[in-house]
Amino acid sequence: MSFDVAALRAQFPALEQRVNGRPLVYLDSAATALKPRRVIEAVESVYAADCANIHRAVHALSQRATARYEGARDVAVRFLNAKSRAEVVYTRGTTEGINLVAQTWGLEHLREGDEILLTELEHHSNIVPWQLVAARTGAKIVVVPITDVGEVSLEDVEARLSSRTKIVSVAHASNALGTVLPVKEIAERAHAVGAIVVVDGAQGAPHLPVDVQALGCDFYAFSGHKIYGPSGIGILWGKEALLDAMPPYQGGGDMIDHVSFSGSTWNELPYKFEAGTPPIASAIGLGEALQFFMELDHEALFAHEQDVLAYAMERLASIPGVTLVGTAKQKVAVQSFLVEGAHPSDVGTILDGFGVAVRTGHHCAQPVMERFCIPATARASFGLYNTREDVDALIEGLEQVQRLFGNA
Ligand code: C6P
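Draft legend 1. Region of the structure containing the site of the ligand. Taken together, 17 residues lie around the ligand, and Thr-95, Asp-200, Ser-223, His-225 and Arg-359 are the ones closest in. His-123 places a polar side-chain atom, nitrogen or oxygen, 3.4 Å from a nitrogen atom of the ligand. Contact between the ligand and Asp-200: a nitrogen atom at 2.6 Å from a side-chain N or O atom of the residue. When the free accessible area of the ligand is taken as 510 Å², the share hidden by the protein chains comes to 87%. The class makeup of the residues in the shell around the ligand is five nonpolar, eight polar and four charged. Mapping the shell around the ligand onto the domain boundaries places at least three of its residues in each of domain 1 (5-28 + 297-404) and domain 2 (50-294).

Draft legend 2. Inspection of the pattern of salt bridges at higher detail. In the structure shown here, the tally under the stated rule is 24 salt bridges. The shortest N-O distance in the salt bridge between Asp-50 and Arg-68 comes to 2.8 Å. Within this pair, whereas Asp-50 is found in the loop between helix 2 (37-48) and helix 3 (60-80), its partner Arg-68 is found in helix 3, the two being separated by 18 residues in sequence. For Arg-68, a relative accessible area of 26% corresponds to the partly exposed category. Of the charged contacts, one joins Glu-120 and Arg-371 as a salt bridge, the two residues approaching to 3.9 Å between their closest N and O atoms. Within this pair, whereas Glu-120 is found in the loop between strand 5 (115-119) and helix 5 (128-137), its partner Arg-371 is found in helix 13 (residues 366-371), the two being separated by 251 residues in sequence.

Draft legend 3. The arrangement of the sheet that holds strand 5 in detail. Read from one edge of the open sheet, seven strands run 4-10-9-8-7-5-6, paired in mixed fashion. Two strands bound the open sheet, and with one partner strand each, they are strand 4 (88-91) and strand 6 (140-144). Each strand of the sheet is rotated relative to its neighbour by a mean of 20°, with strand direction disregarded. The pairing of strand 5 with strand 6 spans five bridges and is parallel. Opposite Glu-115, over in strand 6, you have Lys-140 as the bridge partner. Where helix 7 (residues 183-192) meets the sheet, its contacts fall on strand 7 (165-171) and strand 8 (196-200), and the angle it forms with strand 7 comes to roughly 175°.

Rules used throughout
Residues numbered from 1 in each chain as written. Predicted model: local features only at pLDDT ≥ 70, side-chain atom pairs only at ≥ 80, totals over all residues. Heavy atoms only, no water. Near = heavy atom within 4 Å. Polar contact = N/O pair within 3.5 Å; in protein donor to acceptor, adjacent residues only side chain to side chain. Areas by Shrake-Rupley, 256 points an atom, 1.4 Å probe, with all protein chains shown as cover. Nonpolar A, V, L, I, M, F, W, Y, C, P; charged D, E, K, R; others polar. Domains from an automatic or database assignment. Salt bridge = Lys/Arg side-chain N within 4 Å of Asp/Glu carboxyl O. Helix = DSSP H or I, 4+ residues; strand = E, 2+ residues; numbered from the N terminus. Buried < 20%, exposed > 50% of the residue type's maximum accessible area, 1.4 Å probe, protein only. Pairing = 2+ DSSP bridges. Axes fitted to C-alpha atoms, helices over the stretch in contact; angles between N-to-C directions. Contact = heavy atoms within 4.5 Å.

Now the structure itself:
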């Protein structure tokens with residue numbers, strides 16, 4: 001198998017459009033990835049043919065919808081290398097996955113004086129859920145600092161671990177800086193002090209090998225929409241023994257075994273955590289996206305993304321007045337940058353005029369901005385469909401920024 005980027009690009013209808021008179025150059029996959037035609041068709045076919053609720057009826061449409069919904073879970077089991085279907089819970093996305101763990105395992109186990117270890121590069125979704133549970137339990141949040149290039153050192157993690165640490169929750173990769181964290185090594189050290197390990201896989205799942213058994217974590221949360229699937233759906237993987245011992249997150253239909261006014265009992269895993277009618281078509285679309293993703297030559301894909309990233313870093317760094325933010329040795333294909341004298345939102349607007357889509361702002365990682373004493377950055381993030389030519393278009397747009405802001 002080889003990596004044929006032109007053939008892959010042809011599978012993404014959104015790339016066929018022009019924006020402001022130019023071919024779209026989509027450099028915002030860290031926010032949400034574009035969707036291949038087969039994912040769009042999978043979702044459409046649910047509504048066109050298999051439009052029914054799941055787990056609830058004996059009629060043909062419901063049987064088909066249920067089989068496809070559960071079939072998508074089987075794909076996720078293979079994607080994660082999970083031990084069983086019981087470990088794979090559908091959620092709305094990474095955010096809900098982390099909130100689920102915080103509000104169930106966290107509320108059950110955390111006591112006054114316990115510690116939750118996070119890093120300075122976390123997304124708000126891996127900070128605020130822990131602040132909420134800390135406020136209710138009296139637990140304390142401890143933060144591992146990042147270095148000037150945006151790395152997390154194992155020594156800094158070790159120095160903050162103790163018998164008080166009950167939860168270590170870290171990103172697999174940073175959305176603002178691209179940094180890949182040494183999750184396996186962090187998990188080994190966290191387990192040595194008896195803590196559980198939660199991984200925010202929002203940026204890891206689309207760019208890094210995800211084998212939850214090899215990573216050695218206890219929970220791994222990711223979002224469908226960042227891995228070429230629909231929005232509104234994600235996965236929380238958790239070790240069965242932990243999930244089994246946790247109370248339900250939300251109550252409602254499907255998560256119960258029996259309900260009476262004298263008390264209710266819970267469905268088996270993973271359904272205990274799937275209350276109410278789920279986003280059925282989105283789950284089926286996610287299964288299709290994961291299948292699409294697993295069929296790629298991963299070694300070639302990761303090498304391709306790294307090539308585009310290295311080229312982008314080199315070209316950006318060569319523009320006078322442009323500063324790279326986040327230059328860790330191990331990175332996913334994300335690059336934040338600043339242009340001297342130009343606000344990132346102006347940079348984004350001018351680039352949009354060239355058909356180049358980047359994200360600007362604090363990227364829901366305000367502590368990262370604080371660390372680097374900046375309010376915001378512009379961020380180019382790459383997916384499997386991006387090329388060196390896309391980087392050239394970004395640079396062309398930035399040259400216009402330089403002209404407009406008197407830097408060139
Ligand atoms: N980051 C970005 O542009 P949800 O919204 O639940 O799908 O994912 C939240 C999330 C959690 N962790 C990390 C590391 C993330 O990058 C994100 C989403 C997007 O960077 C939108 S803020």
